[in-house]
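Secondary and tertiary structure notes
Listed here are the chains, written in short residue letters.
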Amino acid sequence: MGEKAMNDDLRVLPLVSIGLPIVKKEFLKQAIKSCLSQTYENLEIIILNNAPSQVLGDEIEKIVLSFDDKKIKYFRNEIQIPIVNNWNKVLSLSTGKYFSILCDDDYWDNNYIESVIRLAMKYLQVSVFHTRTIIVDDSGKMKRISPACPEHEDVLDFIFNRIAKGREHFLSDFLVKTESLKQIGGFVNMHSGWGSDDLTWIYLAKENGIVSLQMPLYYYRESILSVTNKMFSDNKIKTTNVYFEKIKDFVTELSVESNEILSLKKKMVLDCWEKSRIDKIKGIHFEYLRKRKLPLIIYNFVAILYHLKYR
């Protein structure tokens, strides 16, 4: 579809499902407002209340019901279910051609959906689309911007830049084809969702790669309230090892022998795999020690022991 057709009437473009899997209330109003303020109008907003308690669930429900908009479809779990199960339940309730999840403490620029859909119309064979991110603190103050990505890259480049170069991206700066995500069984099940989104995008990008916008249109809130910040270090380490094993299995099984360039990229990923895994685990240990404000000599000594233990 050309630029003129898109400008003629955005409402004739594909239905986009926005999923909001809700577990907390602190920033919920802003998240919902950012969905309702999208310049792209052909939306459904699937809100799934997955609160850990009846009291919090009622408070969340009150906030959601204060928004009177026909785009919103509200659901509530009787009891809290695991995070990835909740993402997949939101997916199962979605009917749009494209799908994106917004975390309940984050928000999008008003042009997020429209801008990514314009890109999707340019790359009809691709299933995964991405935008840059502005990282903010609890007050919304901007801290940094995630690195730019090429407009189109194959899955091996995507993996290499993620694990070897540490390129930042997040759950809610991606939009995907709904049916493609359902066909692979939804989001990959990982403890506390740690690495689930990464693996999911990788599986979806296997054939046709990933397309990215250069504009930062998503605001990720670095908050002590986030699930990953509450995850214990031992669980992070175990899940990180599972994550890297899944990546290794995926890359190893890729059949690229007939393409010299892809074969070289595959080798580069496998060559950096072990170092990237160790560096990630070291980072988890350093974060754990830093938060406990240990003296520097103890910090360094324990970090070395941890490094040797998981090497």
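One can find the structure itself at the top, above this paragraph.
So, a few notes on the structure that sits alongside this text. (Residues numbered from 1 in each chain as written. Predicted model: local features only at pLDDT ≥ 70, side-chain atom pairs only at ≥ 80, totals over all residues. Heavy atoms only, no water.)

Topologically, leucine 262 is positioned in helix H11 (residues 260–291). Judged by relative accessible area, which is 25%, leucine 262 ranks as partly exposed. Between the C-alpha atoms of leucine 262 and valine 155, which are 107 residues apart in sequence, the distance is 9.9 Å. Not counting residues within four places of it along the chain, the set of residues in contact with leucine 262 comprises Asp154, Leu156 and Val256. (Helix = DSSP H or I, 4+ residues; strand = E, 2+ residues; numbered from the N terminus. Buried < 20%, exposed > 50% of the residue type's maximum accessible area, 1.4 Å probe, protein only. Contact = heavy atoms within 4.5 Å.)

With that settled, the discussion passes to helix H4 (residues 83–92). Inspection of H4 places Val84, Asn86, Trp87, Val90 and Leu91 among the buried residues, and these make up the whole buried set. One side of H4 carries all its buried residues, which in axial view fall inside an arc of 160°. Contacts from the buried residues of H4 go to strand S1 (16–22), strand S2 (43–49), strand S4 (98–101), helix H7 (178–183) and helix H8 (196–204). (Arc of directions from axis to C-beta.)

Summed over all chains, the structure comprises 19 salt bridges. We note a salt bridge from lysine 24 to aspartate 105, for which the minimum N-O separation is 3.4 Å. On the criterion of sequence distance, the pair formed by lysine 24 in the loop between S1 and helix H2 (28–36) and aspartate 105 in the loop between S4 and strand S5 (107–108) is long-range, its members being 81 residues apart. With respect to burial, lysine 24 and aspartate 105 carry one shared label: buried. Across the salt bridge formed by aspartate 198 and arginine 162, the nearest N and O atoms sit 2.7 Å from each other. Of this pair, aspartate 198 sits in helix H8 while arginine 162 sits in helix H6 (residues 155–163), and the two are 36 residues apart along the sequence. Via salt bridges that share partners, Lys143, Arg144, Glu168 and Glu222 belong to a single interconnected network. (Salt bridge = Lys/Arg side-chain N within 4 Å of Asp/Glu carboxyl O.)

With respect to the helices, strands and loops of the structure, arginine 167 is situated in the loop between H6 and strand S9 (174–177). A polar contact is formed between the side chain of arginine 167 and the side chain of glutamate 153, at a distance of 2.5 Å. When near neighbours in sequence (up to four residues on either side) are disregarded, arginine 167 contacts Pro147, Ala148, Cys149, Pro150, Glu153, Phe158, Asn161 and Arg162. (Polar contact = N/O pair within 3.5 Å; in protein donor to acceptor, adjacent residues only side chain to side chain.)

Listing the buried residues of H2 in full gives Leu28, Ala31, Ile32, Ser34 and Cys35. An end-on view of H2 places all buried positions within 160° of arc, on one side of the element. Elements in contact with the buried residues of H2: S1, S2, helix H3 (54–65), strand S3 (72–76) and S5.

Here we take up the nonpolar core. Counting 40 residues, the largest nonpolar core has Leu20, Ile113, Ile117 and Leu175 as its most contacted members. Contributions of two or more residues to this core are made by S1, H2, S2, H3, helix H5 (112–122), strand S6 (128–136) and strand S10 (210–221). At seven residues, H5 tops the list of elements feeding residues into this core. Sequence-distant contacts of leucine 175, that is, excluding residues within four places in its chain, are made with Val16, Tyr98, Phe99, Ser100, Tyr112, Ile113, Val116, Ile117, Ser127, Val128 and Phe129. Counting residues in each nonpolar core, the second largest holds 38 residues, with Val90, Leu91, Val155 and Ile159 among its members. (Core = buried A, V, L, I, M, F, W, Y, C linked by side-chain atoms within 4.5 Å.)

What characterises a pair of aromatic rings is the spacing of the ring centres plus the angle enclosed by the ring planes. On inspection of all chains with the given rule, the structure shows 13 aromatic pairs. Geometrically, the ring pair formed by phenylalanine 170 and tyrosine 218 is tilted, given 6.4 Å between the ring centres and 55° between the ring planes. Pair noted here: phenylalanine 170 is in the loop between H6 and S9 and tyrosine 218 is in strand S10, with a separation of 48 residues, a long-range link. With a relative accessible area of 0%, tyrosine 218 lands in the buried category. Pairing tyrosine 243 with phenylalanine 244 gives two aromatic rings, centres 5.2 Å apart and planes at 85°, and the pair type is edge-to-face. The exposure class assigned to phenylalanine 244 is buried, which follows from its relative accessible area of 3%. (Phe/Tyr/Trp six-rings, centres within 6.5 Å; stacked < 30°, edge-to-face > 60°.)

Moving on, we come to the side chain of serine 212. Within the secondary structure, serine 212 is located in strand S10. Of note is the side chain of serine 212, whose polar atom sits 3.1 Å from the side chain of histidine 130. Once residues within four sequence positions are removed from consideration, serine 212 is found in contact with Leu119, His130, Cys149, Pro150 and Glu151.

It is worth stressing that arrangement in space is one thing and function is another; only the former is reported here.
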